[in-house]
Every structure is written in C-alpha cells, then in structure tokens.
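# Analysis of the macromolecular model
Residue strings, one per chain:
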Amino acid sequence: MNPSPARRLLRRTGALLATAPLLAAPALLVGSAPAQADAPATASAAATGTSTVDVAVNELSPSAPVSGDTLTIKGKVTNKGRQAVTDAHIGLRVGTSYTGRSSVDQAAKNGTGGTPDGSEVPGKYAKKFAKLEPGVTQDFTLSVPVKALNLGADGVYQISAALMGQTAAAPYQQTLGIQRTFLPWQPDAAGTRTKTTVLWPLISETGLTAETGTNETQTAVFGNDDLAKEIAPGGRLQQMLALGSALDVTWVIDPDLLASVDAMTEAYKVKGADGKLTSGRQQGVANEWLKDLQAAVQDQKVVTLPFADPDLASLAHSGTKVTGSLSHLKDATDAAVRAVDTILHVTPDASYAWPVEGAVDRDIVKVATSAGANKIIARSDSFGESEKLSYTPSAARPIGGGTTAVVADARLSTAFQGDLTSAERSTLAVQEFLAQSLMLDRQTDRQRTAVIAPQRTPTASQAQTMAKAVAVLQGGTWTQSQSLSATASAKPDPGATTGVPSSRAYPSKLRKQELPQSAFEQIQATQRELENFKVVLTDESRVVTPFGRAVDREMSTSWRGRTAASDDFRTGVSEYLSGLTDQVSLIDKSEVKLSGRSATIPVSVQNNLWQDVDHLKLRLTSDNGTRLKIGDGAFQDQEVTITSGHSQSVKFTTTAKATGPVWVYAQLLTEDNQPYGKQIAFQVDVTEVTPTVMLVIAGGVLLLVLAGFRMYTHRKRAAVEKAGEPDEPGTDGTDDGPRDDAEPAAQAEPEDEAASPARADVPQQPSDPVADTASESTAPSGTGERVDR
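Presented here is an overview of the structure given in this document. Since the model is a prediction, treat every value here as computed from it, not as a measurement.

Rules used throughout
Residues numbered from 1 in each chain as written. Predicted model: local features only at pLDDT ≥ 70, side-chain atom pairs only at ≥ 80, totals over all residues. Heavy atoms only, no water. Helix = DSSP H or I, 4+ residues; strand = E, 2+ residues; numbered from the N terminus. Buried < 20%, exposed > 50% of the residue type's maximum accessible area, 1.4 Å probe, protein only. Pairing = 2+ DSSP bridges. Axes fitted to C-alpha atoms, helices over the stretch in contact; angles between N-to-C directions. Parallel < 35°, antiparallel > 145°, perpendicular 65-115°, else oblique. Left-handed = near helix turned anticlockwise from the far one by under 90°. Contact = heavy atoms within 4.5 Å. Nonpolar A, V, L, I, M, F, W, Y, C, P; charged D, E, K, R; others polar.

Turning to unusual backbone geometry, a few remarks are in order. Here S61 and P62 are connected by a cis peptide whose omega angle stands at -10°. Along the chain, P62 falls in the loop between β1 (53–61) and β2 (70–79). Residues other than glycine seldom take positive phi values, yet Q218 does so here, at roughly 50°. Position of Q218 among the secondary structure elements: in the loop between β10 (208–212) and β11 (220–222). In this structure, A308 is a non-glycine residue whose phi angle is positive, near 75°. In this structure, A308 sits in the loop between β15 (302–304) and α7 (312–317). Residue class for A308 comes out buried when judged on its relative accessible area of 1%.

If you want it as structure tokens, here you go:
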C-alpha cells in the first residue's frame, strides 16, 4: 500500500532536519581550521622570530679600534611583534674572523635574522629593558672596552647587537632581534701597507644653455637654478668641497662645472618652464664656492675630464658611426685645460679618461686615446681579474700602445651607493668598506696599490658617508695615501690581467643608457650650421665659444637615464642657432615690373645681429636666362657687407629679351659657395613700351620745351623794357650814369628746388634705396613693385 501524500511530506521534512547538523559541520570546520592553525603560528613568530624586534646600529665608534679603546655602539630597538617583550636586554656578540673578501661579501647579505653568532660579552655591558611595548622604539648605548671583546689575531671580525627577551606566549629567554656588522682589527701598523688613491669627483649635471644675452658681456642663461642650490651651504657640491678639503684625495673635475659657477659670479639669467628669463641672485654663493675650491686645490694634483664629461662609451658605440663626432672630444679636452687653468690657476692633468662606472672595451679605449689620453680609469668588475692570482693585483695595467689602465677596486668603489640617508645604512656601509680594505691588505705581503673611484655625482648623504670612511682609512694602520699619478706609474703585477674586454662584454644595462646614433647626427647637423654661420661674422668668438661648449654638453655623461631631457637640450641648441642665423636674411620681395628692356633690381639684406657680417655674397639667378639676363648671364654674384642692426640694398642690372613674367631667385652664399639662409623667389614681369606711351612721353617733352621758351622770351622782353627807362639823378645834382642792366637778372629769385641739379649723395632714381640703411621691416614689398630703368 502506498503512503498518503501528507505522510510522504512529513518523512521528507524529518530527513532534512536530521541531516542539517551534518551538512553544517564541515562548513564550520572549514571556516575555523585556518584560524586555529594560524593563531599558534603567529604567536610563535612574534615570540621566537629573530625579526620580532628591529635592531638598528646607528653609530659605531671608533670604526677601527686599537688596543685601549672603548667601543661604543648606539642605536634603536623597535618591537615589531604583537605582544610586549619583557625582561629584555641588548648585548654585544663577537663572532669569528673572516677568511677572505668573498666571505665579507656573503656576510654583508645576511646582516639580520638567523642564529646569533659568537658569544655575548659580559652582561654588565648590556642594556636592559623592563618592557618593550608593540610598535614602541627605544634608544640604546653599549660601551665595551676593546679588551673585553677578547679579539684574537689581526683581521676582520663579525660583531652583532642582539636583543634577548621573552613574551607572554613564550616565557623564556630567546633572541628576538639582531644586527650584524664588521669590526676591523689591526691595532698595530701592518708590515706592508696598501698604497691607496681616492678619487674625489666634482661633477654636476649640465645647466648652462647655448643662449646668451645680446649685450657686450653676453650674459649667461641657465636652464634652471639647480646648480645654485648645489653650491649653496648644505648643498651637495658645497659638502663635497668641504669634505674633500679635509682629506688626502685626487680631485677629478669637470671644467663645465667650473665654467658654470664662474658664469654665476657675474650677472646671469635663469629660464623658467614658461621660457621667461629671470635674473639670478646667487653671485655671492658662486664667488664663495670658487674661492674655497681655489684654496683647496692649491699645491694639489687636479685631474680634468674633457669639457662637460663626454660619454666615451656612447661615442665609441654610436658616435663613431657619424663622421666628425670624434673631433669634438679633442676640442673638449683642449677647452678643459684652458678652463681649469683660467679659473683655478692650476695646471691640470688631462691625460686620464674615465668611462662610465669604469666599464671599458676595446672601442672605448680607442676613442679615449684619440683625444690624447694615455691612462684609462677602469674598474675591476669590468676589466676582470686574473684567476692565477690569489690576491687583488695593483691598479696599473699596461694594455698596449703606451696606454695604462688604472683599475679601481670594484668593492671599495661601490661601497657608498644606494640610499644612505639613514644613520644605520651609513654606519653599516662604513664598516663594510673598512672590512674590505683591511682584507685586501691582508691578502699578501706584496706591496700593492689600490684606487677608489666612487660614483660620479654622490648625494650629500653618500658624500658624508664616504668622507667618514676615507678619514678612518687614512688614519688607520693598514693603508697609506698616494696620488693618482704615482699609482698609474707604479710597477704592475706581472700576473695581472692586461687584456681589454671586447665590446660584447660591455654591460647591457649601461649600453641601454647610451646616446643613440640619431643624437650624434643631430649634433653634427648643428656643428655644420655653426661652421657655416661663423664664416660670415666679424667676431666669431661671440658665437663659436658658447655653441662649441654647448655641443660638448650635448654629449655629456650626465644625460644617461635622462633621454627626454637630453633630446630637449639638443633641440634647444639647434633652434637657438637657427634663430641667430636667421637674423641675417633676405627681405622678401613681391612681383617686380620692368617697363622696358633693361633695368636695375634692388635686393635688400637685413642684419639684426649685434655684430657686423662679412664674407657673404648675394646671388641673383634668372629662371630663364634667355628671356631675362642678370648681369651678363643667367646669374650674378655681388659681395655683401652689412653693419650691425642695418640693412644693405644690392642692385643688379637686368636685360630683358622678351616680355612676360620670369621667376628670379635670390640666395645668400658664403665665400666657398655654401648656401646661407633661405632662398627667396619673386616674379619679374617685363612689359613692352607701346607707341601710344611713346607719343604721350614725346608730347610731354614738347610741352616742357615750349614752356621753357616762353619763360625765356618773357624775361628778355621785360629786361629790355626796363633798360629803356632813364636813371634818377643823384641828390647832389650829378648824374651817376645808368645802372648795370644785368643786375636785376643776377638778383632774380633762384629756381625751384625741384629744378636744381641732383646732389651726389641722393639716389639718382626714385627706386634706388640708400646703400646702407637702418634696420627696416622684413615684410615683403608691395604687390606690383615697379622698377625704373
């Protein structure tokens, strides 16, 4: 028997109610499992992880202690966990010494975390904290006598500031935070000290534009006022100068920087983003900075880079594909020597080339030596080390052709890169630098040289860190200072690498930053225009000098990574030069009408420059030499000399063989027949003189003759009539005789000015302009200009 519908519905409802708890249970388990699993893990990480408390070592002094010193470490601890840390203290641990430079590299990558190394110094030197709340930062200072560190033999030791403590979840002592660093230990003078050369670069981004004022002194124009900020008190270059003055360094200077600061000592302009010029006001700052630099480099060796620090790699890889590019490097080198000598009053050493980051290949060496350099500052990570040597070789390497590669140590040279604004990063960088230097010296008893070539434009914080490390190094016991020239001339290691890498080995990261070939093509186009422009000037130095240095700046290393700014600078130079060349130009002409077979056509040349122009000629060419001759043929040349701010009218004699329009072209040329400026074209319309016109002209002439004859006869008759009258007797009764009949004619009124002969200094034809006139409008002449015969 089948159940009733009501009973079936009741059974289904009961089954659903019975299974509901079973269906809900897995959902509850799935949702709660992660929470139950994560909670113990999070509590464990916060309680036992060595990253629970951040330990920052902000100061370590002395950086290279000797016997009898007290080592002081200052820093901060910050609880990054979720629970308070109690019963905590921070102490100093001393690990084992390192065995080589590679082990220092590896340790620098593992400054935090992991198992603490070494044993903690006695607890009385530790700093205790009753409680460290989550997110709270507290300062600490550890002062430990060096003898309490129980250091052994000379070398580099690992030291750590480690915080021990406990939490409510893990109520036992454990390491919750650690920061490792290096401690160089060379209490007594080393048996053989490494002779170390430190390069101190004074280089900045280019700021001067090609534009100058039109006044006599040619006021300098800057693209921005950034340089003023850099040389002002607290600025990057001001600190570089002040810090370097207290060290034994070799100054490496870009003369463009000197020229720019020197320009700021006088009146200068700054171009805003809207193109408007404002007056610069940092003359005092510029004078002070130059004065301090002159004092700092006296009796010091100064190495000068070519003017504006040209990018040698870009020249080698792209510039050599454009004819003429290499000639700029020699010009830049010559200009550099003059600038340093003139501004700093010292004779610089221009025999060094410094490619970007010391990366070299064979093409770069060829380019560098083409300008006269015989020493290349390279870097060991680019040049390569010989696997046969168990130590870092000396810096000097003969690479053939009388050229020496001065190979800087990569580890020491790159120690101060990155963000060093925090005290912790700065302190760690100093300690790693000193550790690498000591390990280099301890590699062998052989006397060696080392070069430190830092980044070209260190930031203020990088400069401060670098100066601190170099000061410790030069006051230490394992190195001694030496000039770059002495290092370059030192005897090289016989087993050192002397082979220059091929161009394929050049780092791709650096190659992507280079100037493209199109940049050098644009530079050469500007140079050609400059060469064409200068030949017409009576004082070419007003143009050649600023534009020559602007071309140097277009190849500057400072454009790396600034493609848009580089393009804008080159375009600005080109457009400004074009604007100057256009100041000497032909004034447009409209249609010219010749009412006869021959006539003189004037063409005007305008000079709006602040100097005279010469060595130009104007060529007028007929499109149809048979119908319209210019001079004796299809064209004629005439020399042009125009004073400043004036225009010159040049006249050409033409002969027409037939009526009708003919196109005529005017073009300025240099003495070697190179086109100068834009060509202008105008139409000459030759019209026939008809018989009717001739009759009108003849009638007019006849009327003039008749009028003149009538006037003559009228005056003669009047004179005769007057001569027939008797003279009045004198008052004394005597007769003085007749007066001179010619007297009335001699006292006649002069003829009208229009009828007087033309003066020599007045143009003989109404259409002939004055030979040299003041500046006139460059607007085209009126339509249908008529030229008289």
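If you walk across this open sheet you meet the three strands as β1-β2-β6, and the pairing is antiparallel. Edge strands, defined here as strands with exactly one partner in the open sheet, are β1 and β6 (137–145). Neighbour to neighbour, the strand axes of the sheet diverge by 25° on average, direction disregarded.

With that settled, the discussion passes to the packing of helix α17 (residues 541–554) against helix α18 (residues 563–581). It is at 10 Å that the axes of α17 and α18 come closest, and there the two elements cross at 160°. In terms of their interaxial angle, α17 and α18 are classed as roughly antiparallel. Two packed elements cross with a definite hand, and for α17 against α18 that hand is left-handed. Listed contacts from α18 to F547, A550, R553 and E554 of α17 are F569, R570, V573, Y576, L577 and L580. Residues of the contact of α17 with α18, tallied by class, amount to seven nonpolar, no polar and three charged.

This next bit is on the sheet that holds β10. A sheet is described by the order of its strands in space; here four strands give the open sequence β10-β11-β13-β14, paired in mixed fashion. In this open sheet, the two edge strands, each paired with only one partner strand, are β10 and β14 (277–279). Across the sheet, the axes of successive neighbouring strands diverge by a mean angle of 40°, strand direction being ignored. Relative to β14, strand β13 (residues 268–271) is paired through three bridges, and the arrangement is antiparallel. From the neighbouring strand, K271 faces β14, where its bridge partner is L277.

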